[in-house]
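This is what each chain is made of:
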Amino acid sequence: MAAYGRLDIFWPDGPSENYQLEKASIAVGRSSGNDIMLDATSISRYHISLTYENNQVYLRDLESVNGTYVDGVRLKANEPFHLRGGEEIQIGDIRAIFQPLTPQADSTTQPIQPKTEQSEIAGQNYVITLDGPGMPVTPGARVQASLTIKNNGFEVDRYIVEVVGISREWYSLDRTELEIPPSNQTIVTMNIKPARRPDSTPGEYPVTISVRSKAAGDAPPLQATMVLKMLAYSGFGMALNPFRVEKNKPFTLYLHNQGSAALTISLRAESPNGGVALNFGGTSTITLPPGERRQLTVTAQAVRGKRLEAETPFAVVAQAGDVSKFIASVPGVFVKGRTATAPLILGGLLITALAVIILALLTRPRAAQITSVAAQPATLIRFVRGEVRLSWEVSSAKSVRVEGVNAFTGTAETGVYKAKDSATFGGTALTPLEVSIVALGDDDVEVRQAYTVPLSDPICRTTAEVDTYRGPDTIYPTIQKVGVGAALSPDRRDPTGGWLRVNSANNGEQWIRVDGVQCEGFAPMDVILAGEGEVPPTPTPTPTITPPPTPTYTPTFTPTFTPTFTATFTPTHTPTFTATPTVTFTATAMHTASFTPTAPPTFTPTNTPTHTFTPTATHTATVTPSPTITPSRTFTPSRTPTPTRTFSPTPTSSLTPSRTVTPSPSPTRTPSPTITPSVTPTITVTFTPSRTLTPSKTSTSVGSITTPPPPTRTPRP
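Because the structure is predicted, anything quoted here is derived from the model rather than measured.

**Thoughts on the overall build of the protein**
Thinking step 1. In terms of regular secondary structure, the protein is built from 2 helices and 48 strands.
Thinking step 2. Considering only intrachain contacts with a sequence separation of at least 6, the fraction spanning at least 24 residues in the protein is 66%.
Thinking step 3. Roughly 38,700 Å² of accessible area belongs to the protein as shown, and the carbon and sulfur atoms make up 51% of that amount.

**Focus on the pairing of strand 27 (residues 293–302)**
Thinking step 1. Judged from the 6 bridges that link them, strand 23 (residues 251–257) and strand 27 form a sheet pairing that is antiparallel. Paired with Phe 251 across the bridge in strand 27 is Val 298.
Thinking step 2. Bridging between strand 25 (residues 276–279) and strand 27 involves 4 bridges; their strand directions are antiparallel. Of the residues in strand 27, the one forming a bridge with Val 276 is Ala 302.

**Some thoughts on the sheet that holds strand 30 (residues 369–376)**
Thinking step 1. Taken together, the 3 strands give an open sheet; going across it, the order is 30-32-34, and neighbouring strands pair in antiparallel fashion. Only two strands of the sheet have a single partner each, and these edge strands are strand 30 and strand 34 (420–428). Direction aside, the axes of adjacent strands within the sheet are offset by 20° on average.
Thinking step 2. Pairing of strand 32 (residues 385–395) with strand 34, which is carried by 9 bridges, proceeds in the antiparallel orientation. Residue pairing in the sheet places Val 388 in a bridge with Phe 425 of strand 34.

**Some thoughts on the sheet that holds strand 36 (residues 446–453)**
Thinking step 1. The strand order 33-35-36 describes an open sheet built from 3 strands, whose pairing is antiparallel. Either end of the sheet is taken by a strand with one partner, and the two such strands are strand 33 (397–403) and strand 36. Averaged over all adjacent pairs, the angle separating strand axes in this sheet is 20°, with direction ignored.

**Let's talk about the environment of Gly 140**
Thinking step 1. Tracing the chain through its elements places Gly 140 in the loop between strand 13 (126–131) and strand 14 (143–151).
Thinking step 2. Sequence-wise, Gly 140 and Arg 197 are 57 residues apart; in three dimensions their C-alpha atoms are separated by 8.5 Å.
Thinking step 3. Filtering out sequence-adjacent residues up to four positions away, Gly 140 remains in contact with Arg 95, Lys 193, Pro 194, Ala 195 and Arg 196.

**Focus: the pattern of salt bridges**
Pairs can form between side chains of opposite charge whenever their charged atoms are close.
Thinking step 1. Enumeration over the complete set of coordinates arrives at 25 salt bridges.
Thinking step 2. Among the ionic pairs, Asp 8 bridges to Arg 6, the shortest N-O distance being 2.7 Å. Side by side, Asp 8 and Arg 6 carry an identical accessibility label, which is buried.
Thinking step 3. One salt bridge in this structure joins Arg 501 and Glu 509, with 3.4 Å as the shortest N-O distance.
Thinking step 4. Overlapping salt bridges bring together Arg 158, Glu 177, Glu 179, Lys 214 and Asp 473 as one network.

**Section: unusual backbone geometry**
Thinking step 1. A cis amide bond links Asn 241 with the next residue in sequence, Pro 242, at an omega value of 0°.
Thinking step 2. That bond from Gln 376 to Pro 377 is cis: its omega, 5°, falls within 30 degrees of zero.
Thinking step 3. In this structure, Pro 377 sits in the loop between strand 30 and strand 31 (380–381).
Thinking step 4. Its identity as a non-glycine residue notwithstanding, Ser 183 has a phi of 60°, on the positive side.
Thinking step 5. For Ser 183, the position within the fold is in the loop between strand 17 (177–180) and strand 18 (185–192).
Thinking step 6. The backbone phi angle of Asn 248 is positive, close to 60°, even though this residue is not glycine.

**With respect to the nonpolar core**
Thinking step 1. The biggest cluster of nonpolar side chains holds 33 residues, and the ones touching the most others in it are Leu 147, Ile 149 and Met 190.
Thinking step 2. If you list the elements that add at least two residues to this core, you get strand 13, strand 14, strand 15 (157–164), strand 16 (171–173), strand 17, strand 18, strand 19 (203–213) and strand 20 (222–230).
Thinking step 3. At 5 residues, the largest contribution of residues to this core is made by strand 20.
Thinking step 4. Residues in contact with Met 190, not counting those within four places in the same chain, are Val 143, Gln 144, Ala 145, Val 163, Ile 166, Tyr 171, Ser 172, Leu 173, Val 207, Ile 209 and Met 226.
Thinking step 5. Ranked by size, the runner-up nonpolar core spans 26 residues in total, among them Leu 253, Phe 280, Leu 308 and Phe 326.

**Describing the side chain of Arg 95**
Thinking step 1. Position of Arg 95 relative to the elements: it lies in strand 11 (residues 94–100).
Thinking step 2. Residue classification places Arg 95 among the buried residues on the basis of a relative accessible area of 13%.
Thinking step 3. The residues contacting Arg 95, other than those within four sequence positions of it, are Asp 8, Ile 9, Phe 10, Glu 88, Ile 89, Gln 90, Gly 140, Arg 142 and Lys 193.

**A few points about the side chain of Arg 493**
Thinking step 1. Within the secondary structure, Arg 493 sits in strand 42 (residues 490–493).
Thinking step 2. One buried charged residue, Arg 493, remains without a salt bridge, the closest side chain of opposite sign being Asp 494 at 5.9 Å.

**Here we look at the environment of Trp 499**
Thinking step 1. Mapped onto the elements, Trp 499 comes out in strand 43 (residues 499–504).
Thinking step 2. Given a relative accessible area of 5%, Trp 499 falls into the buried group.
Thinking step 3. The spacing of Trp 499 and Ile 512 is 13 residues in sequence and 5.6 Å in space, taken between C-alpha atoms.
Thinking step 4. Residues contacting Trp 499, with those up to four places away along its chain left out, are Tyr 469, Gly 471, Pro 472, Asp 473, Thr 474, Arg 492, Arg 493, Asp 494, Trp 511, Ile 512, Arg 513 and Val 514.

**Some points on the pairing of strand 11**
Thinking step 1. The buried fraction of strand 11 amounts to 6 of the 7 residues, a majority that puts the element mostly inside the structure.
Thinking step 2. Bridge analysis of strand 10 (residues 88–91) against strand 11 gives 4 bridges, and the strand direction is antiparallel. From the neighbouring strand, Ile 91 faces strand 11, where its bridge partner is Ile 94.
Thinking step 3. Hairpin geometry of strand 10 and strand 11 is characterised by an intervening segment of 2 residues between the two adjacent antiparallel strands and by a positive phi of about 65° at Gly 92.

Definitions and limits used
Residues numbered from 1 in each chain as written. Predicted model: local features only at pLDDT ≥ 70, side-chain atom pairs only at ≥ 80, totals over all residues. Heavy atoms only, no water. Helix = DSSP H or I, 4+ residues; strand = E, 2+ residues; numbered from the N terminus. Contact = heavy atoms within 4.5 Å. Areas by Shrake-Rupley, 256 points an atom, 1.4 Å probe, with all protein chains shown as cover. Pairing = 2+ DSSP bridges. Axes fitted to C-alpha atoms, helices over the stretch in contact; angles between N-to-C directions. Salt bridge = Lys/Arg side-chain N within 4 Å of Asp/Glu carboxyl O. Buried < 20%, exposed > 50% of the residue type's maximum accessible area, 1.4 Å probe, protein only. Core = buried A, V, L, I, M, F, W, Y, C linked by side-chain atoms within 4.5 Å. Lys, Arg positive; Asp, Glu negative; His and termini not counted.

In short, shape yes, function no, at least from these values alone.
Below is the structure:
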């Protein structure tokens, strides 16, 4: 058969599942033999069943251990409950929403056809792709959309995400600002959960998601759009005041449309053999806008020709005019008026008098008595949005109302309820919930009883070793590391729903990522949203300074100089005539060289360094005496020959000092080192002529190098 609806399953830790309903009977439970198996310890082996009968869907609790709740009211085992669509079903710790198919014009059903809604927008350096939920959503249920941002630039860029078109309370983003490296992409998840309130109007909502690049400056952001389709949910309440009515005496009928769509209802009376008729003020068909409460003044009459008891039960029946055709009823008692009694015999009078006395005792107005008050759950969680179901039982009461819930719900409570009834309230508790059950007795006297729902602190335990931060982002300073299994108590969440604020006696307020904790009994998105001033301002990132590279250089000095030597010989001749004359020549050269390098290095030291250079010079001097002394046989000792000898040796000096200086950045200084080596060379030249001649040679030169002694030469005779 074609699908007639969908069951959305929401697990406590966040994930959701969707199941199409196509079989006439579907079993749900923990056992593998069910059509829908939910592996959770809080679920019974066979927990509930869904049946499709006469174009209607019914829910039954299969005698489960933990029970089945519909909109906070527990179902009786094996009794069918008519599902009209949008009801919140609680089984164990799992929440489910029934979604019916929208009827077509020919009243036939069509299978669900999920659609994928995708749009891609390209900018100068980045691209965004939006994948819409592809299915409608009922208030209280959850759907997801995803946004992919790809950085096509060459640098890291930061992006800001904004959403317009739906209420801020309806959605959450896992991040609103993010950095993406070049040639990378990141997915932003958008969880959509419209509030289950009458003002969540059904219809289509255009949603626009804008992404702005910080690197693009004032350039307009990229925008992607989708359409969120909102379904309606239904709810209806009705009560009588007073419960016991008399002929032609008016009483009040309270009506409340608890759904998000307009509701048209038809009213009628039902009683045994049709003996009670009700007048609803001229019309029995009423249309209630979403969330409206209305009071009708109604009178009851006995139908002529119908026999009635002294007290005849009846019921006010309301039937919906939409496709669900649901029926609701509220009971009452019609009290017939007394008539005159004909004179009877004495025994008859006594019997009649006794009957009147007994009837008077039975029908006299009684005071209301509150016999029981209970809350489910018995404890609320502080700082966490939740629901509490209050139930009570009162005897001899015309009506009941609840006071004190406005501090919890944030709205005034004006509902009127039956003597044995229950009501579900949603809100956020900061202090214990203190309410009063006020019952109006048959004697028109109010009786009240106070009841307090205590609070417990929220607990989230870490699933891994995590860091805490000063604010809801990793750009804030890190405070501490928290080990696995640590118990933390959050009191606020950030707008994205990705961070929780916790308090520590030692470290004060700190923030922790949601994906690093597991919360007990609540979802992180249900924690109170942090207000203005409760989130620390975004810190300014500290720039990183990279010092310039340290220069390394090796200065090279190559001084070149050519000293000129002038030698003056003044020999003293003592003629000695031998066969082999010997000439001894002694030359002493003094050299002094001075130079200044002309290419000093330029470098940047932190302080002015003191440089000490010790050059090592290698000198090679070549002395070639040019005079040849040839004494004659007749020699006059008085003559003093003064030969002059001039030579120019060219020493080669190679000087390569090496020094490595590693400066740090500072003002530039240019030192000019001066190197003044002092060298005193000594040159000795010895001549041995064939004749005995003893000259004495003294050579004086100016230079700055040290030369080794020249080799001994033997001149020609």
